[in-house]
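Descriptive structure summary
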Amino acid sequence: MTIIAPSILSSDFSRLGEEVARIQDAGADWCHIDVMDGQFVPNLTFGAPVVKSLRKRTEMFFDCHLMVENPENYVDSFAAAGADLICVHAEATHHLHRLLQSIHSKGIQAGVALNPATPLCQIEEILPYADMILIMSVNPGFGGQKFIPTSVDKIRRLKQMIRERDLKTLIEVDGGVNGETAKACREAGADVLVAGSFVFGAADMQEAVAALR
Ligand SMILES: O=C(CO)[C@H](O)[C@H](O)COP(=O)(O)O
């Protein structure tokens, strides 16, 4: 079954705890936490102290997407704060294998994200070591952008790579996911759908989560 991971990037930051409770009550599976440093992407969001505070309010799975330079500097603090999965960008580090080892050494899952312009060959060697590959279907940095249609074929080709290697790696898609694009992503082989504006902008959040699923 598809895992639904609303992004709290589109939530009301003045009441983050309640917003996380709201996505859980709406039937979402994971909470997607977009960490931006103003360097790797032109925007700033949350640090590990925010994750630590939220962790006191819920046992929900925390899927932490680090859109940061030097992600190796943040593994300890996000793991200690309560991340269940840390996803790092292939474009942000020279030593991806070492970085995934370091995330796994904390007893949590490790993912690798790819920007829209980064080809799949970049993760060919790391695939057996990653629990999840995140296909960015918008350029990272902001919510509410339009889904890049060629992402569907990228998901399809990644699914094929995973099957050929007999792996269990999850495929996550993030950016411009709504009722319509979700269907194309699921059919192409996506396992985890991230959605910000579609979920938080919906009149009925439960209906929006169900529509994505
Ligand atoms: O990673 C992100 C932006 O960098 C967000 O998770 C993503 O854009 C979700 O927002 P929306 O569903 O509104 O596109």
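Residues numbered from 1 in each chain as written. Predicted model: local features only at pLDDT ≥ 70, side-chain atom pairs only at ≥ 80, totals over all residues. Heavy atoms only, no water.

Using the following cut-off: UniProt positions are given in the numbering used here, feature names are shortened, and annotations may be inferred rather than shown by experiment.
Under an unreviewed UniProt entry, the protein chain has the name Ribulose-phosphate 3-epimerase and belongs to Acidaminococcus fermentans. Looking at the protein chain in UniProt, the text filed under Function (unreviewed entry) is "Catalyzes the reversible epimerization of D-ribulose 5-phosphate to D-xylulose 5-phosphate." Under the UniProt heading Catalytic activity (unreviewed entry), the note attached to the protein chain is "D-ribulose 5-phosphate = D-xylulose 5-phosphate".

**A word on the UniProt feature "active site" (unreviewed entry) in the protein chain**
Rule in force here: Here a cavity denotes a set of grid points, spaced 1 Å apart and computed over the protein atoms alone, in which a 1.4 Å probe fits but from which it cannot get out, and a pocket denotes an open set meeting protein on both sides within 12 Å along at least five of seven lines; residues with an atom within 4 Å of a point are reported as lining. The numbering of helices and of strands both runs from the N terminus, where a helix is a DSSP run of H or I of at least 4 residues and a strand a run of E of at least 2. We call two residues contacting when some pair of their heavy atoms lies within 4.5 Å. Throughout this description, a polar contact denotes any pair of N or O atoms lying within 3.5 Å of each other; where both atoms belong to protein, one of them has to be capable of donating a hydrogen while the other can accept it, and for residues adjacent in sequence the pair is counted only when both atoms sit in side chains.
The UniProt record annotates "active site" (unreviewed entry) at Asp 34 and Asp 174. A maximum C-alpha distance of 10.4 Å is found for the annotated residues, which run over 141 residues; spatially they form one tight group. From the list above, the largest pocket is lined by Asp 34 and Asp 174. Mapped onto the fold, Asp 34 is located in strand S2 (residues 30-36). Contacts of Asp 34, omitting those with residues within four sequence positions, involve Ser 7, Leu 9, Thr 45, Phe 46, His 65, Met 67 and Asp 174. A distance of 2.6 Å separates polar atoms of two side chains, one belonging to Asp 34 and the other to Ser 7. Mapped onto the fold, Asp 174 is located in strand S7 (residues 170-174). In this structure Asp 174 touches His 32, Asp 34, His 65, Leu 134, Ile 135, Met 136, Ser 137, Val 138 and Val 194, once residues within four positions along its chain are discounted. Only 3.4 Å separates the side chain of Asp 174 from the side chain of His 32, close enough to count as a polar contact.

**Details of the packing of aromatic side chains**
We describe a pair of aromatic rings using the distance from one ring centre to the other and the angle between the two ring planes. As a reminder, the rule being used: Aromatic rings from Phe, Tyr and Trp, taking only the six-membered ring of Trp, are treated as a pair when their centres fall within 6.5 Å; an angle between ring planes under 30 degrees marks them as stacked, one over 60 as edge-to-face, and anything in between as tilted. Residue burial is assigned from relative accessible area. The probe radius is 1.4 Å, only protein chains are included, and a residue is buried under 20% of its type maximum, exposed over 50%, and partly exposed in between.
Overall, the coordinates contain two aromatic pairs when judged by the stated rule. A centroid spacing of 5.1 Å and a plane angle of 55° characterise the contact between Phe 13 and Phe 46, whose relative ring orientation is tilted. Taken together, the residues Phe 13 in the loop between strand S1 (3-6) and helix H1 (16-25) and Phe 46 in the loop between S2 and helix H2 (48-55) connect sequence positions 33 residues apart. In this structure Phe 13 comes out as partly exposed when scored by relative accessible area, which is 43%.

**Observations concerning the layout of surface pockets**
Cut-off, in case you're wondering: Grid points are joined across faces, edges and corners, and a volume is the space filled by probe spheres set on the points. By the convention adopted, Pro, Cys, Tyr, Trp, Phe, Met, Ile, Leu, Val and Ala count as nonpolar, Lys, Arg, Asp and Glu as charged, and the other residues, Gly among them, as polar.
A volume near 260 Å³ is recorded for the largest pocket. Of all elements in the fold, only S2, strand S8 (192-195) and helix H7 (197-200) reach the threshold of two or more residues within the lining of the largest pocket. Residue composition of the lining of the largest pocket, by class: 11 nonpolar, 11 polar and two charged.

**Describing H1**
Quick reminder of the rule: What the arc describes is the spread of directions from the helix axis to the C-beta atoms.
Within H1 the residues assigned to the buried category are Leu 16, Gly 17, Glu 19, Val 20 and Ile 23. With its buried residues spanning 165° around the axis, H1 presents them on a single face. The elements touched by buried residues of H1 are S1, S2, H2, H7 and helix H8 (205-212). After H1 finishes, the residue Gly 27 shows a positive phi value of roughly 100°.

**Let's talk about the site of the ligand**
To keep things clear, this is the line we draw: Whether a residue is near a molecule or strand depends on its heavy atoms: it is near if one of them lies within 4 Å of it. For a molecule to be placed in a cavity or pocket, more than half of its atoms must lie within 2 Å of the grid points of that cavity or pocket.
Inspection of the region around the ligand gives 20 residues, with Asp 34, Gly 144, Asp 174, Gly 196 and Ser 197 positioned closest. Note that an oxygen atom of the ligand is positioned 2.8 Å from one of the backbone N or O atoms of Gly 141. Comparing atom positions with the cavity grids shows the ligand to sit within the largest pocket. Put simply, the parts of the chain that give the shell around the ligand at least two residues each are S2, strand S3 (61-67) and S8. For the shell around the ligand, the element with the most residues is S2, which contributes three residues. Here the residues of the shell around the ligand are counted per class, giving eight nonpolar, 10 polar and two charged.

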